[in-house]
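Survey of secondary and tertiary structure
The lines below spell out each chain.
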Amino acid sequence: MTRAIEPGLAPQRVVSLVPSTTDSMFTLGLGRFLVGVTDYCPLRDQPNGILRIGGPKDARVEEIIGLHPEMVFANAEENPETLIAALEQSGVRVWVAFPKTLRQAVADLRDLAMMYASETALQSVVWLDRAVDWLEGSRTQKSIRIFCPVWREGPPDKPDRWVTLNGDTYASDLLTYCGAENVFADRTGSRYPPVTPDEVIAADPEIILLPDEPFAFGEEDASFFLRNMPSLRAVERQQIRRVDGRLLFWHGTRLGEAIQQVPQWFFDPKK
């Protein structure tokens, strides 16, 4: 779900409710238009005059309205519909993105660049589009089976279950492009399905990715898998990888870095 925008609209006062969009604005040279961001948004060189307005889930509507934004950038997955509706009902224009694939993420960036009619930004998007083409063309037929939790419920030494991701998500699409097979890609019922330890063991992944956000998985999580999945100890190379969650979950210009780094997670640099 992406609510349409007009090319060349070029809002001069923007509030971003999405850390990855804020990140992309600065990378594309458009950060000067930001007047408000969430508490979790990265700010380049700590520019003055940008107000922190709360988290993506609980942004303070009155403060946003008080900034007199010409547009608010939101995401259907990260920001509650009630928050988006409250802003729209107050007369604020909201651009709502919801990329589930790499191609959709690039298309959203293209819309953003066209909104500002920025040739520099458009050239960056063209480069990303070509990088995705290259990544698609370089995929091998054999994929490495991976399990990637997003959240843990219960203590690390005895988890009740993990929340993971199915194939209808940006992160899973990225993993597929990079040569991995998400062992729960076909799970239905939720885009972020819960799975039990027994289900993970039965799926028998070759590699387990432990991202540092949105949940900070640590050494205790890795130890659990090593204790309970002997197959991960039966090979020479390290099969449990602690990875940068921004590369997996931050759709936008962070994709350029992900294309270079994520494929390396599945191959032993010593071999």
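What follows deals with the overall build of the protein. Counting secondary structure elements, the protein contains 10 helices and 12 strands. Taking 2.2 N^0.38 as the reference for a compact globule, 271 residues should give roughly 18 Å; the C-alpha atoms of the protein span a radius of gyration of 20 Å, in line with that estimate. A burial count over the protein gives 52% of its 271 residues as buried. As presented, the protein carries roughly 12,900 Å² of accessible surface, and 50% of it is formed by carbon and sulfur atoms. Each charge class in the protein was averaged separately, 29 positive and 38 negative side chains, and the resulting centres sit 3 Å apart.

For the coordinates displayed, the defined rule picks out 16 salt bridges. One salt bridge in this structure joins E181 and R145, with 3.5 Å as the shortest N-O distance. Of the two residues, E181 sits in strand β9 (residues 180-182) while R145 sits in strand β6 (residues 144-147), which places them 36 residues apart along the sequence. Under the relative-accessibility criterion, E181 is labelled partly exposed at 36%. On the basis of relative accessibility, which here comes to 26%, the residue R145 falls in the partly exposed class. One salt bridge in this structure joins E257 and R254, with 3.5 Å as the shortest N-O distance. Of this pair, E257 and R254 both sit in helix α10 (residues 254-261), separated by 3 residues, roughly a single helical turn. Taking relative accessible area as the criterion, R254 reaches 13% and is therefore assigned buried. When salt bridges that share partners are traced, they join R103, R110, D129, D133 and E136 into one network.

Moving on, we come to the layout of surface pockets. To find leftover empty space, a probe the size of one water molecule is rolled over the atoms. Reported here for the largest pocket is a volume of approximately 840 Å³. Contributions of two or more residues to the lining of the largest pocket are made by α1 (19-27), α6 (170-177) and α9 (245-249). Along the lines of polarity and charge, the residues of the lining of the largest pocket split into 16 nonpolar, 4 polar and 6 charged. In this structure, the second largest pocket encloses a volume near 260 Å³.

A few words on the nonpolar core. It is characteristic of soluble globular proteins that their nonpolar side chains tend to be buried jointly. Core analysis: the largest hydrophobic core is formed by 53 residues, its most contacted members being L112, I146, L209, L255, V262 and F266. The biggest single contributor to this core is helix α4 (residues 102-115), with 7 residues. Once you skip the residues sitting within four places of it in the chain, I146 turns out to touch L175, A180, E181, N182, V183, P205, I207, L209 and F266.

Averaged over all residues, the pLDDT of the protein equals 90, while 91% of them reach at least 70. Within the protein, the lowest mean pLDDT, 90, falls on helix α8 (residues 219-228), and the highest, 98, falls on strand β1 (residues 14-16).

What follows is about the sheet that holds strand β12 (residues 240-243). Pairing in this open sheet of 4 strands is parallel, and the strands run β9-β6-β11-β12 from one edge to the other. Edge positions in the sheet fall to β9 and β12, since each has one partner strand and no second. Each strand axis lies, on average, 35° off the axis of its neighbour in the sheet, ignoring direction. Two elements, β6 and β9, share 3 bridges in a ladder whose sense is parallel.

Turning to the state of the cysteines, a few remarks are in order. Applying the stated criterion across every chain yields a total of 0 disulfides. Of all cysteine sulfurs in the structure, the one in C178 sits closest to C148, which takes part in no disulfide; the separation is 12 Å. Of the residues examined, C148 reaches a relative accessible area of 1% and is grouped as buried. The exposure class assigned to C178 is buried, which follows from its relative accessible area of 5%.

Here we take up unusual backbone geometry. In this model, E213 is joined to P214 through a cis peptide bond whose omega is 5°. Here P214 shows up in the loop between β11 (207-211) and α8. The phi dihedral of H68 falls on the positive side, at around 55°, and the residue is not glycine. The backbone of D204 shows a phi angle near 55°, a positive value even though the residue is not glycine. Inspection of the secondary structure assignment puts D204 in the loop between α7 (197-203) and β11. The exposure class of D204 is partly exposed, given its relative accessible area of 40%.

What counts, and at which threshold
Residues numbered from 1 in each chain as written. Predicted model: local features only at pLDDT ≥ 70, side-chain atom pairs only at ≥ 80, totals over all residues. Heavy atoms only, no water. Helix = DSSP H or I, 4+ residues; strand = E, 2+ residues; numbered from the N terminus. Rg over C-alpha atoms; globule rule 2.2 N^0.38 Å. Buried < 20%, exposed > 50% of the residue type's maximum accessible area, 1.4 Å probe, protein only. Areas by Shrake-Rupley, 256 points an atom, 1.4 Å probe, with all protein chains shown as cover. Lys, Arg positive; Asp, Glu negative; His and termini not counted. Charge placed at Lys NZ, Arg CZ, Asp CG, Glu CD. Salt bridge = Lys/Arg side-chain N within 4 Å of Asp/Glu carboxyl O. 1 Å grid on protein atoms, 1.4 Å probe; cavity = no way out; pocket = protein on both sides within 12 Å on 5 of 7 lines; lining within 4 Å. Points joined across faces, edges and corners; volume = space filled by probe spheres on them. Nonpolar A, V, L, I, M, F, W, Y, C, P; charged D, E, K, R; others polar. Core = buried A, V, L, I, M, F, W, Y, C linked by side-chain atoms within 4.5 Å. Contact = heavy atoms within 4.5 Å. pLDDT = per-residue confidence, 0-100. Pairing = 2+ DSSP bridges. Axes fitted to C-alpha atoms, helices over the stretch in contact; angles between N-to-C directions. Disulfide = S-S within 2.5 Å.

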